[in-house]
Amino acid sequence: MGSDKQVLLKLKAHILLWNPVMNENTLTGWNSNDEFPCNWTGISCNTRGNHVTAVDLSNKNIQGLLFRNFSGLPELEHLNLSTNGIHGTTIPDDLSKCRNLRALDLSKNIIEGEFNLTGLDNLELLDLSSNRIQVDDLFNLCRNLHSLDLGGNNFSGNLSVQLDRLLEFSVPMNNLGGEIPSWFFSENCSLRRLDLSDNFFIRQIPKEISNCKDLVSLNLYGNKFSGEIPPAVGSLSSLQLLLLGENSFSRDVPESLVQMSNLSLLDLSRNGFGGDVQEIFGQLHQVKSLVLSGNSYTGGLLSSGILELQNISELDLSDNDFFGPLPVEISQMSNLKMLVLADNQFTGSIPHGYGNLSRLQALDLSINNLSGSIPSSFRKLRSISWLMLANNSLTGEIPAELGNCSSLLWLNLANNQLSGAIPPEFFNVGSNATAQLILLNQVGQTASGFSQCTNLRRWIPTTDSPLSSFTRFAGRKCEIKWDFLLNRCLPLSLCTPQEKRGPGYLQLRGNKLSGGLPPEISKMQNLGMLYLDDNGFHGQLPPQIGSLPLSALDVSKTCFLVRYLKKSGR
């Protein structure tokens, strides 16, 4: 153990050399006076406690070159340095001397160059995603490898290997292309997860994909596939996640999908189907997340039967050409957690029944031609975190009842025709979001995957939004760090400037609102961005606004700013 301890202390010195102002909590307990490093942050040992078996320094904001003496830990089996700023044009040969290494994760760094895998015979999991790494002869050198992620590394060419031994294979966000050969899915296929998204694969999916009977997740999003989806896909009885969006598949979705009893998420967005929503989708009673955005649909919401799917928790029909009134039938979809009908041509008022969707966490009706008032029934949406009603023609006052939405952190009512004063009761909105954030943190990223990330990009108002600090985008994928939001520094007097930034926003610009801003705004202690511009507000800004954790405040094109500047003598 003494030699392992010395290697770890050298690792600490290496990290501090490159990161002299690093937060001391990063390497808590890494003390030279401690003879037992197994209790140090990120360190695990074998049962006898005499050798280090795992080093996990992921997401520690470590910068600099890769440490060159991990082989000094002879029993090292797991090494995780992901989500840091480690860089360099060469990967030290020292890593290939870690003969017992079973899991290596260097993802989300800035590492370049070739990686020599000779000697890593026991490697089972390898994640090199989001770097600029090249690997050669991978499958001959690592015969025990069963999980491989090479996403975001600018690989090019065709798929030229069989994957008999792999359980998980991910190469998204590369420059791979061509037609997938039928032999790629061999009779011995044992894949459980396959991700070929965001590449340039063409033509049809080989019917031999049915050989991969253990597939749980199949992601072919963002390629150039065309023709029919092979009916053989329906024989993948274990499949839970099927993402085929942003391709050019034909409208003829195979009936065999109905037999896939475990299918939970189906994404067939951005295939340009046109016309009415296909009736096949109304038969998928097992599906919980259905994403059909960007297909140029004009009708079929009722005739397809999709609004009768009672298991649906996430429904995304955005960026189509639906017109007429919003379907009242949606009010009966009691399990909905996310409903996105944005960027269509819906008209008329918002049905009051939408307020009965008590499980809703996100509702997006923005970019339509909706009129009438915001329903007071929305007061019953106690779980909602996102409410997007921007870019419509809504009228009337902002309902005081919205103050009952205690979980609502992100509210966008911009570019409507709302009028009158903001009622003081409204400012209770988002006042008790902690319980909902805890729930979101427990379930993690919702199953809608790419769809949710596309929506998040629309929901986050600017790149310098406080929420952008808590949201990580990687290509089409995204992750909200709910735990970061939960652990925000309070009271604000003890916070750093970065920690003081509230995560929420209130977007009211471009309406006809008037009156003053009530002092009750001080209740919105999660508010980071406040947009009141281009309205008829007047009077002095209340001093209570200074107690908010704001990083952005816009009161331009109102009478607030003029009067405030005059009083300040500027």
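Residues numbered from 1 in each chain as written. Predicted model: local features only at pLDDT ≥ 70, side-chain atom pairs only at ≥ 80, totals over all residues. Heavy atoms only, no water.

Evaluated as defined, the whole model comprises nine salt bridges. We note a salt bridge from Glu-168 to Arg-193, for which the minimum N-O separation is 3.8 Å. Placement of the pair is Glu-168 in strand β12 (residues 168-170) and Arg-193 in strand β14 (residues 193-195), with a sequence separation of 25 residues. Residue class for Arg-193 comes out partly exposed when judged on its relative accessible area of 39%. The structure contains a network of salt bridges with shared partners spanning Glu-77, Arg-102 and Glu-124. (Salt bridge = Lys/Arg side-chain N within 4 Å of Asp/Glu carboxyl O. Helix = DSSP H or I, 4+ residues; strand = E, 2+ residues; numbered from the N terminus. Buried < 20%, exposed > 50% of the residue type's maximum accessible area, 1.4 Å probe, protein only.)

Next up on the list: helix α1 (residues 2-18). Between its first and last C-alpha, α1 extends 25 Å over 17 residues, near the 24 Å set by a 1.5 Å rise per residue. Within α1, burial applies to Asp-4, Lys-5, Val-7, Leu-8, Leu-9, Leu-11, His-14 and Ile-15. Contact partners of the buried residues in α1: β1 (43-45), β2 (52-56) and β3 (63-65). (Expected span 1.5 Å × (residues − 1). Contact = heavy atoms within 4.5 Å.)

On to the packing of aromatic side chains. Under the definition given, this model contains 10 aromatic pairs. Seen from their ring centres, Phe-67 and Phe-70 are 5.1 Å apart, and the 85° between their planes marks the pair as edge-to-face. Classification of Phe-70 as buried rests on a relative accessible area of 1%. With 6.3 Å between their ring centres and 40° between their planes, Phe-273 and Tyr-297 make a pair best called tilted. You can see Phe-273 sitting in the loop between β20 (265-267) and β21 (275-276) and its partner Tyr-297 sitting in strand β23 (residues 297-299), a full 24 residues away along the chain. (Phe/Tyr/Trp six-rings, centres within 6.5 Å; stacked < 30°, edge-to-face > 60°.)

What follows is about the confidence of the model for the chain. The pLDDT averaged across the chain works out to 87; a share of 86% of its residues lies at or above 70. Below a pLDDT of 50 lies the segment residues 445-450, which in the model reaches 18 contacts outside its immediate sequence neighbourhood of four places, other chains included. Scored below 50 in pLDDT, residues 562-570 makes four contacts in the model with residues more than four places away or belonging to other chains. (pLDDT = per-residue confidence, 0-100.)

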